[in-house]
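Observations on chain architecture
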Amino acid sequence: MADDPSGHEAPTRRDYMKYGGAVIGGGLLAGCTADSRSDGDSGPTDTGTATDADTGYSVTMEPMGTVEFEKPPKTWLAFLSTYGDMGIALGKADGLRGLWNPETMPATFYDSLPGVDVSFADITPIAVNGEFDKEVFYELDCDVHLTDPNWLGLLSDDWNEADADEIATQVGPFLGNYIRRRGDDWHDYQYYSLYEAFEIVAEAFDERERYEAFATIHDEMQAIINERLPPSEDRPTVGLVSVNSDFEAGSFSVYSVQNWNNHKQYQDLGMRGAFDAHIEGNGDWDYEQLLEVDPDAIVFQYGFSHVSTEEFESRMETMRTDPVGSQLAAVQNDRLYRGGSAYQGPVVNLFQTEAAARQFYPEAFGEWNGIETLREGSLTLFDRQRVADIINGDI
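These notes cover the structure that comes with them. (Residues numbered from 1 in each chain as written. Predicted model: local features only at pLDDT ≥ 70, side-chain atom pairs only at ≥ 80, totals over all residues. Heavy atoms only, no water.)

**A word on the packing of helix α7 (residues 208-228) against helix α14 (residues 384-391)**
A pair of packed helices can be characterised by two numbers: the angle between their axes and the separation between those axes. Look at α7 against α14: their axes get within 10 Å of each other, and the N-to-C directions meet at 165 degrees. Viewed along their axes, α7 and α14 adopt a mutual orientation that is roughly antiparallel. Considering the relative orientation of α7 and α14, their crossing is left-handed. Here α7 contributes Arg210, Ala213, Phe214 and Ile217 to the contact with α14, which in turn contributes Arg386, Val387, Ile390 and Ile391. When grouped by side-chain class, the residues that make up the contact of α7 with α14 number six nonpolar, no polar and two charged. (Axes fitted to C-alpha atoms, helices over the stretch in contact; angles between N-to-C directions. Helix = DSSP H or I, 4+ residues; strand = E, 2+ residues; numbered from the N terminus. Parallel < 35°, antiparallel > 145°, perpendicular 65-115°, else oblique. Left-handed = near helix turned anticlockwise from the far one by under 90°. Contact = heavy atoms within 4.5 Å. Nonpolar A, V, L, I, M, F, W, Y, C, P; charged D, E, K, R; others polar.)

Rendered as structure tokens:
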């Protein structure tokens, strides 16, 4: 590789870690091998760790292919909180150097775990006004970058496969797959479920035991949910609306329930999406359209991550006092709820699932009394202390 015009030397600065897998394709990086791709609904997932006396060990994830490590990474960044949450779950918060926007991490969930201290005060925001500069990778000098390099090409016109190859070789490898949603034209390689991606990240950090402990908690919680769920006909209809909508103007971003990681908790809870028969994906509605469907409850996506309690209540008051909004059944029955982030890892997903369970089905899972409900010690769907112990290494 020729010398970089910014003055960085071409030879790798990380001899103990190297990027495996070719970067090919026009404009965006493609998957390494055609036979390893899938439509995301089926197909084998290679999450095993291969070890070699000379190269240490390797993990495999599309679109990077095989990524080799001599020893577990110490420092890391994550563009999306999905992978940021994975690293925190694996006890690696001290090594976190950067996030796309630290302010949108749902820190209140970590505050609800006894003895877990996670702070984002000193974490570098990677994006400035929604854009990023390649130099941030050199400045943070991380051992691994937990993000899908293809996704970065959508965020910056200046980013291409040569940049990804340069950073992977000069600084540290990429490891990540954009799993928030499915169906994007640029994502023509295998998708992973939340726990499939989490397992691969855990292998990279050599934290198999922590991963398995989280997977057990997740499976146990899902078993409880399946046992207590009311029959479908007894479940309320729930409308998904973005909390970032323009409440003053009466312009709302609405969603159908999607079979992707961004709505994993709603799928797991058998939610009856009020807008599912009216839109596919998302749409822009006004108060009159909301009232025409009139869901039993409304959940505001990003309510836990992008607004404070005060900001949320201010927006709800705007809806309550609108001449049309005030007629909504969800308003009249006080069923306006803060909803989850679309970027959820294992810890965030546990909390967001319990929150939604209480909001939708209080008789089965306990009343929802606002964010403080998540700190209560009784009637919980998962053991907070157990999660805290796993994060802190007491497995």
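The discussion continues.
**Describing unusual backbone geometry**
Note: most peptide bonds trans; most residues except glycine with negative phi. Omega for the peptide link from Glu62 to Pro63 comes to 10 degrees, which places this bond in the cis form. Note that Pro63 resides in the loop between β3 (56-61) and β4 (65-69). A positive phi angle is found at Asp294, which is not glycine, with a value near 50 degrees. Structurally, the position occupied by Asp294 is in the loop between α9 (287-293) and β13 (297-301). Even without a glycine there, the phi angle at Tyr302 is positive, about 75 degrees. In this fold, Tyr302 is placed in the loop between β13 and α10 (309-321). On the basis of relative accessibility, which here comes to 9%, the residue Tyr302 falls in the buried class. (Buried < 20%, exposed > 50% of the residue type's maximum accessible area, 1.4 Å probe, protein only.)

**Notes on the pattern of salt bridges**
Under the counting rule described, the total for this entry stands at 13 salt bridges. For Arg208, the salt bridge is made with Glu199, and the minimal N-O distance between the two is 2.5 Å. According to the relative accessible area criterion, Arg208 is partly exposed, its value standing at 30%. Judged by relative accessible area, which is 12%, Glu199 ranks as buried. It is possible to trace a salt-bridge network through shared partners that takes in Glu199, Glu203, Arg208 and Glu212. (Salt bridge = Lys/Arg side-chain N within 4 Å of Asp/Glu carboxyl O.)

**Comments concerning the packing of aromatic side chains**
Using the criterion set out here, one finds 32 aromatic pairs in the structure. Aromatic side chains Tyr178 and Trp186 sit 5.5 Å apart centroid to centroid with 55 degrees between the ring planes, which places their arrangement in the tilted category. You'll find Tyr178 and Trp186 in the same group, each marked buried. Considering the side-chain rings of Phe252 and Tyr287, the 4.8 Å spacing of their centres and the 75 degrees angle between planes classify their relative orientation as edge-to-face. One end of the pair, Phe252, is in strand β10 (residues 252-255); the other, Tyr287, is in helix α9, with 35 residues separating them in the sequence. The same class applies to Phe252 as to Tyr287, namely buried. Linked through ring pairs, Phe79, Trp100, Phe132, Phe137, Trp151, Trp159, Phe174, Tyr178 and Trp186 together constitute an aromatic cluster. Here the basic side chain of Arg384 rests over the ring of Phe382, its NZ or CZ set 4.3 Å away from the ring centre. (Phe/Tyr/Trp six-rings, centres within 6.5 Å; stacked < 30°, edge-to-face > 60°. Lys NZ or Arg CZ within 6 Å of the ring centre and 35° of its normal.)

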